[in-house]
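Take a look at the letters that make up each chain.
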Amino acid sequence: MDSFAPETLALAVAIAAIAGVVRGITGFGGAMVMSPPMALLLGTLTAVPVVLLLESVVAIPMLVQLRKLVRWRVIGPILGMACLFVPLGTWILLAVDPQVMRRVIAAVVIVFSLMLLAGIRYQGKQRLPTALGLGAMAGTLVGATSMGGPPVILYLLAGPDPIETTRANLTYFVGGISFAGVALLWLNGVLGVDGLILAAALAPGYYGGMVLGTRLFARFNDQRFRQFTLALMLVVATGILVA
């Protein structure tokens, strides 16, 4: 499908805007909302770099806004290890058939959606070895599917931090790992001029949605934030199953 056909571009803009709203509310949900439909609409090798560009470059204002709320002791080891493992995921993306990757993207969302819906949450302490292992898993998923958030979401939502801190940690994780993914895709020749142009075309809608989502976040308490996260995962999983 032609990525720049009017009907394709209009649908992609709508998807990006909705994803921006979710990212603004949760700090993490943009790729989760965008990746499955974008992969079907544009193809995996086009969708992944575009999603990562939107999740990183366009989200910079949000990173600046939340910089004082981040707990680097918690998110730093996860992010650092994840960046080291993005190349493994990128190799998987380049080595595996695109149709298989679409199924992987769907499976990642479905598995972690069901885990959250079943009430499964990480119950251990926030230890360094756990954070490093989680980062390795998340980095591989980001490089291969553009979605490394789900395992980190499970881990951080189970922690003692208030939702403002959890959202800031997730925002910085997604932004940092997306930057790493973009760099590696560019070095491997996956990110080309067409991807840059397409990301630029989708950026205003994504940013506008993110601003709206940030304003909506003020209405959430801890319980409503967790409920929204569960509802988001359910909607994404249901959409994939229907497709």
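Residues numbered from 1 in each chain as written. Predicted model: local features only at pLDDT ≥ 70, side-chain atom pairs only at ≥ 80, totals over all residues. Heavy atoms only, no water.

1. Here's the deal with the overall build of the protein chain
Spelled out, the test is: Comment: elements are numbered from the N terminus, with helices defined as DSSP H or I runs of at least four residues and strands as E runs of at least two. Partly exposed residues are those whose accessible area sits between 20% and 50% of the maximum for their type, while under 20% is buried and over 50% is exposed, using a 1.4 Å probe and protein chains only. Every residue pair with non-hydrogen atoms within 4.5 Å of one another is taken to be in contact. Accessible surface area values rest on a Shrake-Rupley calculation with a 1.4 Å probe, where residue burial reflects the displayed protein chains alone.
What the protein chain contains, in helices and strands, is 11 helices and 0 strands. Mapped in sequence order, the helices and strands of the protein chain form the string α-α-α-α-α-α-α-α-α-α-α. When each of the 243 residues of the protein chain is scored for burial, the buried share is 53%. Long-range contacts, defined here as pairs at least 24 residues apart, represent 86% of the contacts in the protein chain between residues at least 6 apart. Surface exposure of the protein chain reaches about 10500 Å², of which carbon and sulfur atoms provide 69%.

2. Digging into the side chain of Thr26
Note the following rule: Polar contacts, as counted here, are pairs of nitrogen or oxygen atoms within 3.5 Å of one another; within protein the pair requires one atom able to donate a hydrogen and one able to accept it, and residues that are adjacent in sequence qualify only if both atoms are side-chain atoms.
By secondary structure assignment, the location of Thr26 is in helix H1 (residues 6-26). The exposure class assigned to Thr26 is buried, which follows from its relative accessible area of 0%. There is a polar contact of 2.8 Å between the side chain of Thr26 and the backbone oxygen of Val22. Filtering out sequence-adjacent residues up to four positions away, Thr26 remains in contact with Arg167, Leu170, Phe225 and Phe228.

3. So, the pattern of salt bridges
Operational definition: We define a salt bridge as a side-chain nitrogen of Lys or Arg found within 4 Å of a carboxyl oxygen belonging to Asp or Glu.
Applying the stated criterion to the full structure yields 2 salt bridges. Across the pair Arg23 and Glu55 runs a salt bridge, and its minimum N-O distance is 2.8 Å. Here Arg23, found in helix H1, pairs with Glu55, found in helix H3 (residues 44-56); they are 32 residues apart in sequence, far enough to count as distant. With a shortest N-O distance of 2.6 Å, Arg71 and Asp161 are connected by a salt bridge. Separated by 90 residues along the polypeptide, Arg71 in the loop between helix H4 (60-65) and helix H5 (72-95) and Asp161 in the loop between helix H8 (149-157) and helix H9 (163-187) bring together distant segments of the chain.

4. Re the nonpolar core
Inclusion rule: Residues belong to one nonpolar core when they are buried, are Ala, Val, Leu, Ile, Met, Phe, Trp, Tyr or Cys, and are joined through side-chain atoms within 4.5 Å.
Membership of the largest hydrophobic core comes to 67 residues, with the highest contact counts inside it found for Met34, Met38, Leu54, Val152 and Phe173. It is H9 that provides the largest number of residues to this core, a total of 11 residues.

5. Quick word on the side chain of Arg23
Overall, the relative accessible area of 0% leaves Arg23 in the buried class. Within polar-contact distance, the side chain of Arg23 engages the backbone oxygen of Thr171 at 3.4 Å. Leaving out residues up to four positions away in the same chain, Arg23 has contacts with Phe28, Gly29, Gly30, Glu55, Ala59, Met62, Thr171, Val174, Gly175, Tyr206 and Met210.

6. Quick word on the packing of aromatic side chains
For the record, the criterion: Geometry of aromatic contacts follows a simple scheme: Phe, Tyr and Trp rings, the Trp one being its six-membered ring, pair when their centres are within 6.5 Å, and the pair is stacked under 30 degrees between planes, edge-to-face over 60, tilted otherwise. Counting as a charge over the ring demands two things of the Lys NZ or Arg CZ atom: a distance within 6 Å of the ring centre and an angle within 35 degrees of the ring normal.
The final tally for this structure, using the stated rule, is 1 aromatic pair. Look at Trp72 and Tyr172: their rings are 5.4 Å apart centre to centre, the planes differ by 85°, and that puts the pair in the edge-to-face class. Of the two residues, Trp72 sits in helix H5 while Tyr172 sits in helix H9, which places them 100 residues apart along the sequence. Its relative accessible area of 15% is what places Tyr172 among the buried residues. Seen from the ring of Phe217, Arg167 lies directly overhead, with NZ or CZ sitting 4.0 Å from the centre.

7. Things to note about the packing of H1 against H9
Which entries qualify depends on this criterion: Between N-to-C directions, angles cover 0 to 180 degrees, with each direction set by a line fitted to C-alpha atoms, over the stretch in contact for helices. The cut-offs work like this: below 35 degrees is roughly parallel, past 145 is roughly antiparallel, 65 to 115 is roughly perpendicular, and the gaps in between are oblique.
Contact geometry for H1 and H9: axes closest at 8 Å, N-to-C directions at 130°. In terms of their interaxial angle, H1 and H9 are classed as oblique. Between H1 and H9, the contacting residues are Arg23, Gly24, Ile25 and Thr26 on the first element and Arg167, Leu170, Thr171, Val174 and Gly175 on the second.

8. A word on the environment of Thr8
By secondary structure assignment, the location of Thr8 is in helix H1. Under the relative-accessibility criterion, Thr8 is labelled buried at 3%. Separated by 34 residues in the primary sequence, Thr8 and Leu42 have C-alpha atoms spaced 8.2 Å apart.

9. Regarding H3
Put simply, the rule is: To estimate the expected span of a helix, subtract one from its residue number and multiply by 1.5 Å.
With 13 residues, H3 extends 18 Å between its outermost C-alpha atoms, agreeing within 8% with the 18 Å of an ideal straight helix rising 1.5 Å per residue. Three or more residues of H3 are buried, namely Thr44, Ala47, Val48, Pro49, Val50, Val51, Leu52, Leu53, Leu54, Glu55 and Ser56.

10. Quick notes on the confidence of the model for the protein chain
As a reminder, the rule being used: Confidence scores labelled pLDDT are given residue by residue by the predictor and lie between 0 and 100.
Mean pLDDT over the protein chain: 82, with 86% of residues reaching 70 or higher. Here helix H6 (residues 98-117) is the element of the protein chain with the lowest mean pLDDT, 68, and helix H10 (residues 193-217) is the one with the highest, 92.

11. Brief notes about the packing of H8 against H9
Our working rule: Each helix crossing is assigned a hand: it is left-handed if the near helix lies turned anticlockwise from the far helix by less than a right angle, otherwise right-handed if that turn is clockwise. Each residue is assigned to one of three groups, with Ala, Val, Leu, Ile, Met, Phe, Trp, Tyr, Cys and Pro labelled nonpolar, Asp, Glu, Lys and Arg labelled charged, and all others, Gly among them, labelled polar.
The interhelical angle for the contact between H8 and H9, taken along N-to-C directions, is 155°, at an axis separation of 11 Å. On the basis of their axis angle, the class for H8 and H9 is roughly antiparallel. Considering only the axes of H8 and H9, their crossing is right-handed. Contact residues: H8 offers Gly149, Val152, Ile153, Leu156 and Leu157, while H9 offers Thr166, Asn169, Leu170 and Phe173. Per-class residue counts for the contact of H8 with H9 are 6 nonpolar, 3 polar and no charged.

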